[in-house]
Every structure is written in C-alpha cells, then in structure tokens.
Amino acid sequence: MIASVIVDVKSKNVNRPFSYIVPPHLTQVIEKGMRVKVPFGSREVLGFVVDVTMDDESQYQLKPISDILDIMPSLTEELLDLAKEMSIDSCSFLINCISCMIPQAIKAKYEKKIVKLRDNDSINHLFKSKDYIAFSKIKKEDYGIIKKAIKEKIVDLRYDIKDKVNIKYETYLSLNNVSKVSGKKQQLIIDYLKSSGPISKRTLINDLQVTNSTIKTLIDKGIINEEKKEIFRNPYDNISENAIKHQLNSDQQKAYDIIIDSIIKQNNDIFLLHGITGSGKTEVYLNVIEYTISLGKEAILLVPEISLTPQIVSQFKSRFGSLVAVLHSGLSLGEKYDEWRKIRNQEVKIVVGARSAIFAPLTNIGIIIIDEEHETTYKQDEMPKYHAIEIAKKRAKYYQATIVLGSATPSLESYARAIKNVYKLLELPHRATNTQLPHTTIVNMAEEFKKGNLSIISEVLHQAINERLARKEQIILLLNRRGYDNFLMCRNCGYTVTCVNCDISLTYHKDHNRLKCHYCGYEQKAITECPKCKSHYLKGFGYGTQKVEEELIKTFPLARIIRMDNDTTTNKGDHEKILNIFKSKQADILLGTQMIAKGLDFADVTLVGVLSADTVLKLPDFRASEKTFQLLTQVSGRAGRHKDQSEVIIQTYNPNHYSIKFASQNDYRAFFKQEMKIRQLAKYSPYYYLTQIVTTCEDFQETFKEANKIVNYLKEQLSSECIILGPVVPQIKRINKLYSTQIIIKYKIEPNLDKVLESIMLTYQDHQVNVIIDRYPYFVI
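Residues numbered from 1 in each chain as written. Predicted model: local features only at pLDDT ≥ 70, side-chain atom pairs only at ≥ 80, totals over all residues. Heavy atoms only, no water.

Would you take a moment to explain the overall build of the chain for this structure?
Helix and strand content of the chain: 22 helices and 34 strands. Whereas a compact globule of 781 residues would reach a radius of gyration of roughly 28 Å, the chain reaches 30 Å, a difference of no more than 12%. With the principal axes as the frame, the chain shows a C-alpha extent of 95 × 70 × 65 Å. Residues counted as buried form 55% of the 781 residues belonging to the chain. By element, 48% of the accessible surface of the chain is carried by carbon and sulfur atoms, the whole surface being about 35,300 Å². Distance between charge centroids for the chain: 2 Å, based on 108 positive and 92 negative side chains. (Helix = DSSP H or I, 4+ residues; strand = E, 2+ residues; numbered from the N terminus. Rg over C-alpha atoms; globule rule 2.2 N^0.38 Å. Buried < 20%, exposed > 50% of the residue type's maximum accessible area, 1.4 Å probe, protein only. Areas by Shrake-Rupley, 256 points an atom, 1.4 Å probe, with all protein chains shown as cover. Lys, Arg positive; Asp, Glu negative; His and termini not counted. Charge placed at Lys NZ, Arg CZ, Asp CG, Glu CD.)

Following this line, the structure appears as structure tokens:
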C-alpha cells in the first residue's frame, strides 16, 4: 500500500505529493485526509495523506510512514480536492491551502488521549482500570482496534491542548443493578438513580449531599456505572430556543419559493438576493435553511465579520438550537475546536460564521448563503489569497447545492452577472416592517467652516441629536477612523511623527497617551518635543473616534455615549457586550467605525449621522466610489427599521459626488449605471478581470528591479490583448520595513495566465524579493 503525502514544508521543490510505504500495522487505518508523521531528509515532518493506492513500487525503496497523528481523517476527500483547485487558483502552495482548512486547535501543541466511553471486551485490555490512555502509549498494531472502537462510539479521540485549552469533561452516573446495601446514603443514591436515570455526578452530590467515597463504594461493588462525557463549550448557551417565526410577505415568499425549487431540483443555481436595508433578507435565510435541513441536507451561512455575529447567531440559535455550529475568530481556541469537532462528527446541520467557515467539513451541503456579499472581509489577505465566494462556488458545484448572495448594495461584479443572467436576480424592494426609508440630508462641511463652525458636528446634526435625545430615541454616529488625532505635527517646522517601520504617520490614542501605527502595530509613548527642531509646538490634526467621543461628552453632557471600534473591542465578547448595552437602552448614542454600519437592528434608532463621508472616497482605489456608496447606504439602513420619521444626516466636503448623492436617495441602480460607465472607460472590473502582482523587499532598488523583470516576462508570455500596468510604487511605499511595488494585469480571456503566474511564483519562492500574486485583488492603487 502506497500513500501520497503532501509534506508541511513550504518550498517550490516540494510542492507535490511524495510516496511512502504504509507499514502493515497501518494498512487498515490509513485514509485520505489523515495527518501523518513522515521521514523527510534528515528529519521527521507533518504531512497530509492525499491519496492511497495499491501498487508494487518496491523498486523505488520508499520510506515507510513513521506514525499517524489522526485516527479519523481531519479532511474529507472533497476538501482535499478543493485544496488542489485552490492551490492553482490562488497561486499558493498546496500545503498552505490544506492548512487553512484545519482548525488552529489541532495545529497547537497537544497531547492526544483515547477516552473510554463505555466498557467493551474489545478494548478493556488496553485501558485496564483507567478511563483514558495517552495516544502515544498505544502500540501501533492496536491502531485498527482503536479505529473500529471510535466508529462504534466505544472510545473517542480527544486532544488535550497544552497551555492553551483543555477538553471539558463531566462524569455521569447510571444504575447498573439493584442490590441490597446497608448504608442509608448508598440506598438514597440507588433510589435517586432509579427515578432520574443517568445524571451528572456533580448534580447528584449537590442534590443528595453525599460524598465521593460513598459513590466510589457503589462503583466498586458494580452497582452503579461511572462514565466520562465531553462537555462542549457553548459560548451562546444563554440563548433559548423560542424564536418567533415571522410570516413572509409576498416579496419574501416569492424569493423563498424560487430558491427552494432550485434546492429540490439540485440546479446548482447562484442567486443574488438584492434587498434594501430592513427588507427581511435574514428571515428568508432562516426559512430556506429550515427547509434545507428538513431534506436531510446541510447549510452554511457566512457573515462578513465578528461584529455581525452576535445578532445573527442569536437568531439562528433561537430557531435551530443545537443544530447550529458557530465558527469565527471571536471564539476562544477551545470553543472553535469544539465547534469544529461537532461539524466533523456530523452532530450539527448548520454552520454560521465568518470567512473561514466556508471550509466547514460538512458532507451533504444543500445551501450556501453569503450575507452582505459585497464585503471585502470575504477576501483573505494572507496566502492563500482566496475569496470565500469563489470557494463557495466550488463546494456548491461538488454537492449540486444552491448559493444565495445577499446584499442591499451588491458588488458591481455580482449585479453585472445578475443582469447578464449568470446569476439569478431576486429583489426585495420594500422594508419587511412596512416602515418608510429615513429622510436623508446632505450637509456641506465647507459651508459650516465658512460660518465659523470648526466642530466635526454640524449645526443640523447638533440640533437633530438634541431632538432625538429629548424624545428618548437612540442615535448612531459613524466615523470610519479610530484613535484621537489622525497625526501629530510640529507647527514650528512641519515635522510629522511617523512609524519607524512604515511610511505612514502615527495615530494618537489619548486613553493610553500612545502613538500607534494601524499598519504594522508599532507603538510608542506620545512625545511633547519635536525630534527635529526641539520645539514644543506639537499639535494633533484630524478626528478619530476617541476625539469625537470626548467632544460629544462636552456637547451633550446628559447623553449616555458608548464607543465601538478596534480599540474598545480587543477582548473576547466585547462586541456583544457593547451591542447589548445599546440594545437594552443603557446608552443613547452609539459612536463607531464601519463595524456598526451593517447587520444591526435596533428598534429605537431614529437618527444616523455620518460624520465624514469622504474618508473612503479619498483613497487611491478604483473601488473608492463603490465602497463609499455601500458604506453610506448600509449605515443609513440602521435608522427607522421599526419607526417612521427617521433621519440620516451625511456630512461631507463633496456634496455633489454621485456616490454620496445616490446613497442619500437609496438609488442603487442609478449608482450602478454611473459607476459602470467609469469602469468601462478605465477598463476595470467587471469589464476586465484583474490580477495583482506585488513585489516586496527591504531594498527598494532590488524590489523595483525585479518588478521590471516580471513586467518584461509578462509582455513576452501573454497576448497583446492583455493590459499590463506598472510597476508602480503605492501611496504607502514601505510597510513593516518592506518596500513594495505593484503590477496589474487586465484581461478578458488569457488561457496562458495560470502557467505564467505559476512560473513567476516558483522563480521567486527562495528569492531575496518576495512576490505575492492575487487573483482577486480588492485594493488596487
């Protein structure tokens, strides 16, 4: 038996499977998807079995697999095939693609244990009198017995992760036989177990006030059984299953019927559900998933980021209870591990999570829903640079499943595909609550300045806030920039305090009196003397959320204000805590960055203020107008979801810009038409596909020289229809001590591109200059 193994070594020379002989004691155990330990050169490394064949290859004198790290496969065959496709599509090493599908918990240091769930003659001799044995103590010839016992749920493989997380266990007691006993306490326990059935040891001790020694006596006599059960961590155990199921309106019902028909027929359709903010897209998702699992199939729901998860999870947990697993970065290592185990063990039917949840090891997917499909957080920034929507398409094709992409502001690419019938367009044009969309006012901040108002809060917004506070209604204020001052500058010589690692100014954070870089994480104590001219005329410029919070407290002293940004949500559970405070009306004003702009539904919010609509608009990015429109539309949708006469006030220095005007009118189609004209003229997506190549190095000259070589190679190898731009230096040319250049390839059809990109990737793998290839670039200068 020969196993093909991908080894965990990231080098161009080993980005392929290596063959190993399967030792006799592993022939009944080895499967695709297992992690193994294999000899590689002079060392032993981790590997993943990607194929198993019967072949006579003795002439090659293959080395044997040293050991297995899994009794049951960590990856399904489907996920292994997906990793191979991803490797080509994202120009990444196969081991990188495989690694991103594995939970961090089993990458950490751990001790594997085989835990006995119940007595059985086939395994009792291995355990003797113990409840568990270390996996390392099991003889290799006994692997087959253990694997069979796991499948029969006699034993279970547990990972005890050192220094990070431990498996939680609960001891359960059950009555084995009824015998006469002399002690009153012993008889009390027997009578209790007669009526209760199996119960946790902790509960029994608390209820009967008995001791461990009394229980042990009954266990030793064989009268009661003791069994350890793993207790899964549940970060949402406070959510009860009492969801109110809302009746779908006619628009929702129409969308629901069409999606269900596709699921039943296994058409592998992709739907774009374009529904205005508050149109009830989530209720459609809930009903579609309910029907899907009634067919015996499984569902994945992706949400764009952690801040959305508490409300979404609450809705799904209250509707489907223990059938839901949650995967996102806000969970602890142990919680993520437990959720992944539930999925792998087929104990759940629904997975809700952020981007990486698309790799959930489900085996019978019927529906994949991607909410807020336009969000950039569905794109992975590190290698492999995959896009969750593209991964969803591959998984859906394998299972003949249906995909639903939902958004109030779809990406131009998705809406263009819907118009061309590549996707099927479904629309929800009205709010589910029948409330009116809020009235929107655009405030020209240049006029405010001329009138002598130097505050970030305009007179119009100031008055509106006072009115809402007087009516005991709530307010959301958006400023997409955290910190206190945007930068610190010397008014004597013009010196700006910049990061030591990046060509960017440091942001001042007043609460800790620190200057921080939001790119590399560098920080230092705030200075009071200019390093260049030694003057003390240092002043902060610009506004961040901390500074606005301070100004709001001074301006509205009776208002209860809460801030939500990356600085106030550093700890686990911070998002949910802040949102619960606001939801329970313990705060009047919620001030935050873009994390408060979408997915939130508060009944008493009747005013939304956008303090600076120009923050994203000024970025050197061809998608800047689209991102501005989406952000403004999304945050506007937080107002008046349950009450009429709500208001949105947008403050800007560009009141006539089309993205701001159309967002204020909630007119997606008008924005789409205008933006598509500009994209067509500039030959950008969705008229052209884009690939970005970034070169980075500590030596700027070397970076630029190699980038020019790549451009020349591309021009030689690709067709004349292909447009190659660059190399160019980005606006921030050095980040984290690395200089970078950018090359953009624009194309419609380029059959030779995969081979050319692979050649570039291999050429520069062990080079001084690092080359990063991105087939789905989201930020292009």
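Help me understand the pattern of salt bridges in this model?
It is possible for side chains of opposite charge to pair when their charged atoms get near one another. In total, this model carries 40 salt bridges according to the counting rule given. Between Asp 565 and Arg 563 there is a salt bridge, with the nearest N and O atoms lying 2.8 Å from each other. Per residue, the accessibility class of Asp 565 equals that of Arg 563, and both read buried. (Salt bridge = Lys/Arg side-chain N within 4 Å of Asp/Glu carboxyl O.)

Just to check I follow, could you spell out the environment of Gln 247 for this structure?
With respect to the element layout, Gln 247 can be found in the loop between strand 11 (224-230) and helix 8 (250-265). Sequence spacing of Gln 247 and Glu 283 is 36 residues, and the spatial spacing of their C-alpha atoms is 8.9 Å.

Whenever I open this one, the nonpolar core confuses me. Can you help?
Generally speaking, nonpolar side chains in soluble globular proteins are found buried as a group. By size, the foremost hydrophobic cluster in this structure holds 110 residues, and its most contacted members are Ile 98, Ile 368, Ile 693, Leu 714, Ile 745 and Ile 760. Ranked by the residues each element gives to this core, the list is headed by helix 12 (residues 388-399), at six residues. In this structure, Ile 693 is in contact with Ile 710, Leu 714, Thr 741, Gln 742, Ile 743, Ile 745, Leu 757, Ile 760, Val 771, Ile 772 and Ile 773, ignoring residues within four places of it in sequence. (Core = buried A, V, L, I, M, F, W, Y, C linked by side-chain atoms within 4.5 Å. Contact = heavy atoms within 4.5 Å.)

How should I be thinking about the pairing of strand 28 (residues 605-610) in this particular structure?
It is a general feature of regular strands that their side chains alternate between the two faces of the sheet. Along strand 28, six of the six residues are buried, which leaves the element largely enclosed by surrounding structure. Judged from the five bridges that link them, strand 20 (residues 474-478) and strand 28 form a sheet pairing that is parallel. Within the sheet, the bridge partner assigned to Gln 474 lies in strand 28 and is Val 605. As paired elements, strand 28 and strand 29 (residues 647-652) share four bridges and run parallel to each other. In the strand pairing of strand 29, Val 608 is matched with Val 648. (Pairing = 2+ DSSP bridges.)

So what exactly am I meant to see when it comes to the side chain of Thr 545 here?
Along the chain, the position of Thr 545 falls in helix 16 (residues 545-555). At a separation of 2.6 Å, a polar atom in the side chain of Thr 545 contacts the side chain of Asp 565. (Polar contact = N/O pair within 3.5 Å; in protein donor to acceptor, adjacent residues only side chain to side chain.)

I would appreciate a short explanation of the sheet that holds strand 29 in the present structure.
Strands belonging to one sheet form pairs held by backbone hydrogen bonds; the direction of such a pair is parallel or antiparallel. Judged by pairing direction, the sheet is parallel, and its six strands sit side by side in the order 19-29-28-20-27-26 without closing on themselves. The strands lining the two open edges of the sheet, one partner per strand, are strand 19 (439-444) and strand 26 (561-564). Mean inter-strand twist for the sheet, computed between neighbouring axes without regard to direction, equals 15°. In this sheet, strand 27 (residues 589-592) lies alongside strand 26 in parallel orientation, the contact comprising four bridges. Residue pairing across strands places Ile 561 opposite Ile 589, the latter belonging to strand 27. (Axes fitted to C-alpha atoms, helices over the stretch in contact; angles between N-to-C directions.)

Would you mind showing me how to read a positive patch on the surface here?
Together, Lys 128, Lys 130, Lys 137 and Lys 139 make up a region of like positive charge exposed at the surface. Among the secondary structure elements, Lys 128 is positioned in the loop between helix 3 (124-127) and strand 7 (132-134). We classify Lys 128 as exposed; its relative accessible area is 68%. (Patch = residues over 30% accessible without salt bridge, like charges linked within 9 Å, V, L, I, M, F, W, Y side chains within 5 Å.)

Would you explain helix 17 (residues 574-583) in this entry?
An α-helix turns once per 3.6 residues; consequently, residues spaced three or four apart project the same way. Within helix 17 the residues assigned to the buried category are Asp 574, His 575, Ile 578, Leu 579 and Phe 582. One face of helix 17 carries all of its buried residues, which in axial projection span an arc of 125°. The exposed set on the far side of helix 17, more than 90 degrees from its buried face, consists of Lys 577 and Lys 583. Taken from the residues just after helix 17, Lys 585 is the one with a positive phi, measuring 60°. (Arc of directions from axis to C-beta.)

So what exactly am I meant to see when it comes to the packing of aromatic side chains here?
Geometry of an aromatic ring pair is reported as the spacing of the ring centres plus the angle between the planes. Enumeration over the complete set of coordinates arrives at 16 aromatic pairs. For the pair Phe 18 and Phe 40, a centre-to-centre distance of 5.3 Å together with 85° between the ring planes defines the contact as edge-to-face. Residue Phe 18 is located in strand 2 (residues 18-21), and its partner Phe 40 is located in strand 3 (residues 35-40); the two are separated by 22 residues in the primary sequence. Of the two residues, Phe 18 and Phe 40, both sit in the buried class. Relative to Tyr 668, the ring of Phe 629 lies with its centre 6.0 Å away and its plane at 55°, an arrangement referred to as tilted. With Phe 629 in helix 18 (residues 624-636) and Tyr 668 in helix 20 (residues 668-682), this pair connects stretches of sequence that are 39 residues apart. Side by side, Phe 629 and Tyr 668 carry an identical accessibility label, which is buried. Grouping aromatic residues by their ring pairs yields a cluster made of Tyr 415, Phe 629, Tyr 658, Tyr 668, Phe 671 and Phe 672. Of note, Arg 623 hangs over the ring of Tyr 778, and the distance from its end group to the ring centre comes to 4.9 Å. (Phe/Tyr/Trp six-rings, centres within 6.5 Å; stacked < 30°, edge-to-face > 60°. Lys NZ or Arg CZ within 6 Å of the ring centre and 35° of its normal.)

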